[in-house]
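Architecture at a glance
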Amino acid sequence: MNIFNEESAVRFGDIDQSDSLTIASTFDLFQEAAINHAEILGVGREEMKQSGNVWILSRLSVFMACRPLFKEKIITRTWPRSTNKLFAIRDYDIHYSADISGRENGPCSDNVLVRGRSAWLVVDIEKRRPLRPQMAAEKLPPNEGINALPGENLQGNDPPPSLVTRDFSATEPILRRACYSDIDYNGHVNNTRYIQWIQDLLDPEILNHAKQIRLDINYLAEVLYGETIGLYLSAVTAEDINKDSPLYRQTPLPCTAAHAIEGRRGSGAEAVPVFRAELRMG
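So, a few notes on the structure that sits alongside this text. This one's a predicted model, so the numbers in the text were calculated from it and none came from an experiment. (Residues numbered from 1 in each chain as written. Predicted model: local features only at pLDDT ≥ 70, side-chain atom pairs only at ≥ 80, totals over all residues. Heavy atoms only, no water.)

1. Some points on the overall build of the chain
Broken down by element type, the chain carries five helices and eleven strands. Expressed as a percentage of the 282 residues in the chain, the buried residues total 51%. For the chain, the proportion of contacts with a sequence separation of at least 24, taken over those separated by at least 6, is 79%. (Helix = DSSP H or I, 4+ residues; strand = E, 2+ residues; numbered from the N terminus. Buried < 20%, exposed > 50% of the residue type's maximum accessible area, 1.4 Å probe, protein only. Contact = heavy atoms within 4.5 Å.)

2. Comments concerning unusual backbone geometry
In this structure, Asp-19 takes a positive phi of about 75 degrees despite not being glycine. Its location among the elements puts Asp-19 in the loop between β1 (4-9) and α1 (23-41).

3. With respect to the environment of Val-223
With respect to the element layout, Val-223 can be found in the loop between β8 (213-219) and β9 (228-235). The sequence separation of Val-223 and Val-189 amounts to 34 residues, and the corresponding C-alpha distance is 5.5 Å.

4. Focus on α1
The end-to-end C-alpha separation of α1 is 27 Å, in line with the 27 Å expected for 19 residues at 1.5 Å each. Immediately downstream of α1, the backbone of Gly-42 shows phi near 85 degrees, a positive value. (Expected span 1.5 Å × (residues − 1).)

5. Looking at the side chain of Asp-93
Its location among the elements puts Asp-93 in strand β4 (residues 88-96). For Asp-93, a relative accessible area of 4% translates into the label buried. Separated by 3.2 Å, the side chains of Asp-93 and His-95 make a polar contact. Those residues in contact with Asp-93 that lie beyond four places of it in its chain are Phe-30, Ile-75, Thr-76, Arg-77, Trp-79, Val-112, Val-114 and Arg-115. (Polar contact = N/O pair within 3.5 Å; in protein donor to acceptor, adjacent residues only side chain to side chain.)

6. Things to note about the nonpolar core
Counting residues in each nonpolar core, the largest one holds 52 residues, and the members touching the most others are Phe-27, Ile-195, Ile-217 and Phe-275. Ranked by the residues each element gives to this core, the list is headed by α1, at eight residues. Setting aside residues no more than four positions away along its own chain, Ile-195 makes contact with Ile-23, Ala-24, Phe-27, Leu-215, Ile-217 and Tyr-219. Core analysis: the next-biggest nonpolar cluster, separate from the first, contains seven residues, Val-54, Ile-56, Ile-89 and Leu-121 among them. (Core = buried A, V, L, I, M, F, W, Y, C linked by side-chain atoms within 4.5 Å.)

Take it as geometry only, folks, not as evidence of what the structure does.
Right, dumping it as structure tokens:
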């Protein structure tokens, strides 16, 4: 199956006070679709475990052009986008169920509510080292030309952006301890939990009033149960938005609020970043 589809309704637990799908719930939808599709393609967790490997999410970019409301029926789609030297690329989108056509193959012309692109590493479980993804890519359809987000190359197998290091020296961190509910099957904080942590740093009114949301995140190191992470938040000016990037048109315009976020293990000069993110809203 080239493109995997899951139909659902926006649940009460997926919305905020605006009655709209949150960015964290969007990450949940993408994660479940990717896991289910990997099982169908023969590269799910059990197949990977038998070969001594595991999928680890490294980067993800999501642009919510329109946020569906409570009880609205949607279809979440996902498909592999081939590989490059380090990453296996996977794209996503979300449509209203009533609008979508061409569900199985090819890009569709219907209005797209949400677009996403992710970059995954194949990691040796025992050595905790990344491997070349081609060993798993043999079972993945290339899906050439079906791009959810604009990319740097025509093949569309370029990963989401590598985010720049920003200065948080004037920022006091909010401390967050990794608890039982944060930990997933792989024994570390689940990728969607970081998005909830990011949401909790912001004024709820900013998120509630956002009509469009763009989030880019780089996962840099795993966080284990019991670890305490310092979360840093800093406002980003409009001048910092890279207008030359092919991803620029998938940014809320006008951008009314933008933030850089970083999670760090430790403090001072010995602090180690565990994730880096940029959030823009309009």
